[in-house]
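# Observations on the model geometry
Listed below, chain by chain, are the residues.
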Amino acid sequence: MAPSTSLTHTPARPNAGRIRRSAVAVVAAVTVAGLLSACSYGSKSTDKASAAPASASGAADTKLSADTVKIGYFANLTHGTPLVGLQEGLIQKELGATQVKTQIFNAGPAEIEALNAGSIDIGWIGPSPAINGFTKSKGTSLRVVGGSASGGVKLVVNPDKIKTLDDLKGKKIATPQLGNTQDVALLNYLAEKGYKVDAQSGAGDVSVVRSDNKVTPDAYKSGSIDGAWVPEPTASKLVSLGAKELLNEKQVWPDGKFVITNIIVSQKFLKEHPDVVEAVLRGSVNTNAFIKANPDKAKADANEAIKAAAGNALDPAVLDPAWKDIEFLDDPLAGTFQAEADHAVKAGLLEKPNLTGIYDLTLLNKVLKEKGQPAVADAGLGVK
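Please read these numbers as outputs of a predicted model, since none were measured by experiment.

## Remarks on the pairing of strand 9 (residues 207-210)
Where strand 8 (residues 172-175) lies against strand 9, four bridges are found, and the strand directions are parallel. Paired with Ala-174 across the strands is Val-209, a residue of strand 9. Following the chain from strand 8 across helix 6 (residues 181-192) to the adjacent parallel strand 9, one finds a crossover that is right-handed.

Structure (structure tokens):
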């Protein structure tokens with residue numbers, strides 16, 4: 001869920017564990033909290049290894065410039081690209097003899113810290129922590145090198161208390177974390193509707209309650225919140241408990257698209273191992289094509305990876321609508337990335353950032369050109 005990732009500066013410390021993956025299995029030990037939330041901090045992993053499969057050129061021992069590449073992501077449906085790509089071996093295939101080591105996170109700040117520390121080289125992550133990491137490092141820590149997912153965020157409410165969008169005044173609406181991607185989206189939406197809310201405290205015409213996704217369903221059942229602006233699969237979990245979808249965030253974005261997950265890489269690794277980054281991007285592009293061509297198989301792959309990670313698969317009543325609402329794509333939707341940063345500034349949660357140079361889409365566009373696909377744009381935020 002990239003989704004629940006924060007623009008605030010709460011410190012976090014990722015665990016040092018790493019896992020080794022085969023081309024056909026993604027096995028990681030994370031808590032259910034890590035599965036349904038990206039708000040708490042840290043990461044957990046186990047080890048599993050096997051021989052690398054054949055690369056795109058057909059040679060299992062194809063030699064790239066790095067022996068290993070360390071990849072981070074969340075055990076979350078909005079991170080379906082790495083879940084499916086690793087489960088199907090599509091990412092490892094492009095890397096040949098370069099071994100994949102993965103680390104699963106349940107918080108954006110923890111993943112950024114791991115990237116800065118060199119514990120991972122490449123990561124799938126939401127826009128808020130990417131913006132935060134880039135600005136805190138004064139533009140030296142990371143680059144966004146590709147897109148991954150759009151959508152998968154909804155406002156769901158108690159239908160007995162809220163029947164229309166005009167009924168929000170005086171109600172308690174949960175978001176995953178102060179300053180996270182969904183928190184900023186809700187604050188911006190409420191401001192556009194004329195509601196006054198103090199961004200830091202959440203107090204105002206509508207009470208914005210910061211609630212970890214893992215406890216939000218219980219908060220809803222107890223009546224302590226009246227609704228939530230949350231990512232999948234939490235939104236569909238609430239619907240399964242009787243909540244009603246009042247607004248899909250797609251409705252407030254042009255063309256119904258907005259970045260929810262993208263791909264980042266440390267600038268050091270990008271400079272030293274561009275061939276490895278290109279291979280991962282090729283695997284990502286191939287995975288997104290696989291997901292589109294085989295949606296049911298991809299959905300099953302993602303759920304199998306989640307089951308391995310958390311011990312339990314998602315119920316079809318939650319999995320099916322959640323998966324359907326997420327679009328997997330290669331375009332990082334840079335224009336919406338800038339807009340999300342602007343919304344955080346307007347809410348008073350972020351000083352106006354200079355995001356010039358946060359994108360380097362050179363390798364992605366090379367891969368897309370090879371496949372006869374159009375180039376994607378960086379909205380003027382690319383490396384100069």
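## A look at the nonpolar core
Leu-77, Leu-95, Val-277 and Ile-358 are the most contacted members of the largest nonpolar core, which totals 99 residues. At eight residues, the largest contribution of residues to this core is made by helix 10 (residues 274-293). The residues contacting Ile-358, other than those within four sequence positions of it, are Ala-130, Ile-131, Phe-134, Leu-142, Arg-143, Val-144, Phe-337 and Leu-381. By size, the runner-up hydrophobic cluster in this structure holds ten residues, among which are Val-156, Tyr-220, Ala-228 and Ala-235.

## Describing the packing of aromatic side chains
Aromatic ring pairs are defined here through the distance separating the ring centres and the angle between the ring planes. Summed over the entire model, instances satisfying the criterion amount to four aromatic pairs. Taking 5.4 Å as the distance between ring centres and 70° as the angle between the ring planes, the aromatic pair formed by Phe-337 and Tyr-359 counts as edge-to-face. In this pair, Phe-337 sits in helix 13 (residues 334-347) while Tyr-359 sits in the loop between helix 13 and helix 14 (362-370), placing the two residues 22 residues apart along the sequence. Tyr-359 carries the same exposure label as Phe-337, and that label is buried.

## Let's talk about the confidence of the model for the protein
Within the protein, residue pLDDT values average 86, and 84% of them lie at 70 or more. When the criterion is pLDDT under 50, residues 8-59 qualifies, and its contacts beyond four places in sequence or with other chains add up to 168 contacts.

## A few points about the packing of helix 5 (residues 127-136) against helix 13
In contact at an axis separation of 10 Å, helix 5 and helix 13 are set at 75° when each is read in the N-to-C sense. Put simply, helix 5 runs roughly perpendicular to helix 13. Across the interface between the two elements, Pro-127, Ala-130 and Ile-131 from helix 5 touch Phe-337, Glu-340 and Ala-341 from helix 13. When its residues are assigned to classes, the contact of helix 5 with helix 13 shows five nonpolar, no polar and one charged.

## Considering the sheet that holds strand 7 (residues 153-157)
Pairing is mixed across the open sheet formed by five strands, whose spatial order is 9-8-10-7-11. Of all strands in the sheet, those with a lone pairing partner are strand 9 and strand 11 (244-248), marking the two edges. Strand-to-strand, the axes of this sheet are offset by a mean angle of 25°, without reference to chain direction. Here strand 7 runs beside strand 11; their pairing, made up of four bridges, is antiparallel. Residue pairing in the sheet places Leu-155 in a bridge with Leu-247 of strand 11.

## A look at the environment of Thr-140
Tracing the backbone through its elements, the reader meets Thr-140 in the loop between helix 5 and strand 6 (142-151). Taking the C-alpha atoms as reference, Thr-140 lies 9.1 Å from Ile-358; in sequence the two are 218 residues apart.

## With respect to helix 5
Counted residue by residue, helix 5 has eight buried out of ten residues, so it is predominantly covered. The set of residues buried in helix 5 consists of Pro-127, Ser-128, Pro-129, Ala-130, Ile-131, Asn-132, Gly-133 and Phe-134. Backbone geometry just after helix 5 places Lys-138 at a positive phi near 55°.

## Looking at helix 2 (residues 80-87)
Burial analysis of helix 2 places eight of its eight residues in the buried class, which makes it a mostly covered element. Every buried residue of helix 2 is accounted for by Gly-80, Thr-81, Pro-82, Leu-83, Val-84, Gly-85, Leu-86 and Gln-87. Positive phi appears at Gly-89, one or two residues downstream of helix 2, with a value of about 80°.

## Description of the side chain of Ser-137
Turning to its location among the elements, Ser-137 is positioned in the loop between helix 5 and strand 6. Relative accessible area serves as the criterion here: at 18%, Ser-137 is assigned to the buried category. One polar contact links the side chain of Ser-137 to the main-chain carbonyl oxygen of Gly-133, over a distance of 3.1 Å.

## Topic: the side chain of Asp-183
One can find Asp-183 in helix 6. One polar contact links the side chain of Asp-183 to the main-chain amide nitrogen of Gly-179, over a distance of 2.9 Å. Not counting the four nearest positions on each side in its chain, Asp-183 is found in contact with Thr-175, Gln-177, Leu-178, Val-208, Arg-210 and Leu-349.

## What to know about the environment of Tyr-195
Secondary-structure assignment places Tyr-195 in the loop between helix 6 and strand 9. The exposure class of Tyr-195 is buried, given its relative accessible area of 15%. It is 5.7 Å that separates the C-alpha atoms of Tyr-195 and Asp-205, two residues lying ten residues apart in sequence. What Tyr-195 contacts, discounting residues up to four positions off in sequence, is Leu-165, Asp-166, Leu-168, Lys-169, Leu-190, Asp-205 and Val-206.

## Details of the environment of Tyr-220
Relative to the assigned elements, Tyr-220 resides in helix 7 (residues 216-222). Look at Tyr-220 and you get buried, because its relative accessible area is 9%. Between the C-alpha atom of Tyr-220 and that of Val-157, which follows or precedes it by 63 residues, the distance is 8.9 Å. In this structure, Tyr-220 is in contact with Val-157, Asn-158, Pro-159, Ile-225, Asp-226, Leu-238, Leu-241, Gly-242 and Ala-243, ignoring residues within four places of it in sequence.

Conventions and cut-offs
- Residues numbered from 1 in each chain as written.
- Predicted model: local features only at pLDDT ≥ 70, side-chain atom pairs only at ≥ 80, totals over all residues.
- Heavy atoms only, no water.
- Pairing = 2+ DSSP bridges.
- Helix = DSSP H or I, 4+ residues; strand = E, 2+ residues; numbered from the N terminus.
- Right-handed = clockwise from strand over helix to strand, strands pointing away.
- Core = buried A, V, L, I, M, F, W, Y, C linked by side-chain atoms within 4.5 Å.
- Buried < 20%, exposed > 50% of the residue type's maximum accessible area, 1.4 Å probe, protein only.
- Contact = heavy atoms within 4.5 Å.
- Phe/Tyr/Trp six-rings, centres within 6.5 Å; stacked < 30°, edge-to-face > 60°.
- pLDDT = per-residue confidence, 0-100.
- Axes fitted to C-alpha atoms, helices over the stretch in contact; angles between N-to-C directions.
- Parallel < 35°, antiparallel > 145°, perpendicular 65-115°, else oblique.
- Nonpolar A, V, L, I, M, F, W, Y, C, P; charged D, E, K, R; others polar.
- Polar contact = N/O pair within 3.5 Å; in protein donor to acceptor, adjacent residues only side chain to side chain.

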